[in-house]
Amino acid sequence: MNRALPRAAGRAVAAPPGLGFSGRVLAGGRVLLGPVEIRAEAGRWTCLLGPSGVGKSTLLHCFSGLSEGLCLDGAVTADDGRPLPGRIALMAQSDGLLPWLSLIDNVTLGARLRAQPRARDRARALLDRVGLGGLAGRKPHALSGGQRQRAALARTLYEDRPVVLLDEPFSALDVANRARMQDLAAAQLSGRTVLHVTHDPAEAARLGERIAILTARGVEWIEAGGGAAPRAPDRAEVLEMTGRLTRRLLEAA
Ligand SMILES: Nc1ncnc2c1ncn2[C@@H]1O[C@H](COP(=O)(O)OP(=O)(O)OP(=O)(O)O)[C@@H](O)[C@H]1O
């Protein structure tokens, strides 16, 4: 199949594959997740909600290959049949910033670890976009929790991958920064395959093209309405969807 290449900030990226996981995940003989079947469609933004401890982060770790200590009784697939390593960026729940590096060196860390040239101008531009342009030389300990999370977002966007996994990426942000960072991520990651774990129904209602609720009983899919994302937070369809998702999560608890 011939897919248009998404462009972000004027840069073409490789065609994104869809992702699938089918099966169970175990650790030490205990089932952490599943049996479950879940898909993130190619080039679309999928939000994943669900109660704490149901296995959302575990699923992202399986997709990203960070499954140390986990036993996969099932399959992770890319629908173009090609290997996933090298095509995925993960923004984990913890910011993972290295304390001895400046912000700009943290943003370009992936390139450094891969012994690739570092695009410092692009890193600076991304730090600007997340509102940290004046702090590029600072070390992480001198930042607030929300600033650290925005630096981690800049590092994820810097990776410029066709598949992006986001684990509660805006959870530490104030309302205004949260809306701004949601808008930025939606623009930068448009056309990529995004799987976004969140506890915030309003966020899923703004950003999700498809929304999944994962519970111990399985996955419920909800097709988002309200037009192209990011949707205005006070749009009637967004408010209605926020209420609907909240009700479903309360019922699932
Ligand atoms: N490597 C591991 N070894 C053993 N147990 C694990 C491991 N990783 C996760 N777990 C357990 O698996 C379950 C699912 O954890 P996970 O972090 O995936 O949940 P979650 O849905 O992302 O929760 P939250 O919304 O609170 O972040 C939890 O009971 C957790 O304690």
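Cut-offs and rules
- Residues numbered from 1 in each chain as written.
- Predicted model: local features only at pLDDT ≥ 70, side-chain atom pairs only at ≥ 80, totals over all residues.
- Heavy atoms only, no water.
- Pairing = 2+ DSSP bridges.
- Helix = DSSP H or I, 4+ residues; strand = E, 2+ residues; numbered from the N terminus.
- Near = heavy atom within 4 Å.
- Polar contact = N/O pair within 3.5 Å; in protein donor to acceptor, adjacent residues only side chain to side chain.
- Salt bridge = Lys/Arg side-chain N within 4 Å of Asp/Glu carboxyl O.
- Buried < 20%, exposed > 50% of the residue type's maximum accessible area, 1.4 Å probe, protein only.
- Axes fitted to C-alpha atoms, helices over the stretch in contact; angles between N-to-C directions.
- Parallel < 35°, antiparallel > 145°, perpendicular 65-115°, else oblique.
- Contact = heavy atoms within 4.5 Å.
- Nonpolar A, V, L, I, M, F, W, Y, C, P; charged D, E, K, R; others polar.

Draft legend 1. How the structure looks around the pairing of strand 11 (residues 218-223). Sheet topology note: the strand 10 (residues 210-215)/strand 11 ladder contains 6 bridges and is antiparallel. In the sheet register, Ala212 faces strand 11, and the bridge partner there is Trp221. What sits between the antiparallel neighbours strand 10 and strand 11 is a turn of 2 residues.

Draft legend 2. Representation of the site of the ligand in the model. Ser52, Gly53, Lys56, Thr58 and His199 are the nearest of the 15 residues found near the ligand. In this structure, an oxygen atom belonging to the ligand sits 2.8 Å away from a side-chain N or O atom of Lys56. Elements that contribute at least two residues to the shell around the ligand include exactly strand 4 (30-40) and helix 1 (56-64). The greatest single-element share of the shell around the ligand, amounting to 3 residues, is contributed by helix 1.

Draft legend 3. Layout of the pattern of salt bridges. Within the structure shown, the criterion is met by 19 salt bridges. Asp79 is the salt-bridge partner of Arg39, the closest N and O atoms lying 3.5 Å from each other. Here the residue Arg39 occupies a position in strand 4, and Asp79 occupies one in the loop between strand 6 (71-78) and strand 7 (88-91), the gap between them amounting to 40 residues. Relative accessible area serves as the criterion here: at 40%, Asp79 is assigned to the partly exposed category. Residue Asp80 pairs with Arg87 through a salt bridge whose shortest N-O separation is 2.7 Å. According to the relative accessible area criterion, Arg87 is buried, its value standing at 7%. Each of Glu41, Arg44, Glu209, Arg210 and Glu223 takes part in salt bridges that share partners, so that together they form one network.

Draft legend 4. Layout of the packing of helix 5 (residues 145-159) against helix 6 (residues 175-188). Their axes nearest at 12 Å, the elements helix 5 and helix 6 cross at an angle of 5°. Our classification of the angle between helix 5 and helix 6 gives roughly parallel. In contact with Arg150, Leu153 and Leu157 of helix 5, helix 6 contributes Asn177, Met181, Leu184 and Gln188. Of the residues contributing to the contact of helix 5 with helix 6, the split by class is 4 nonpolar, 2 polar and 1 charged.

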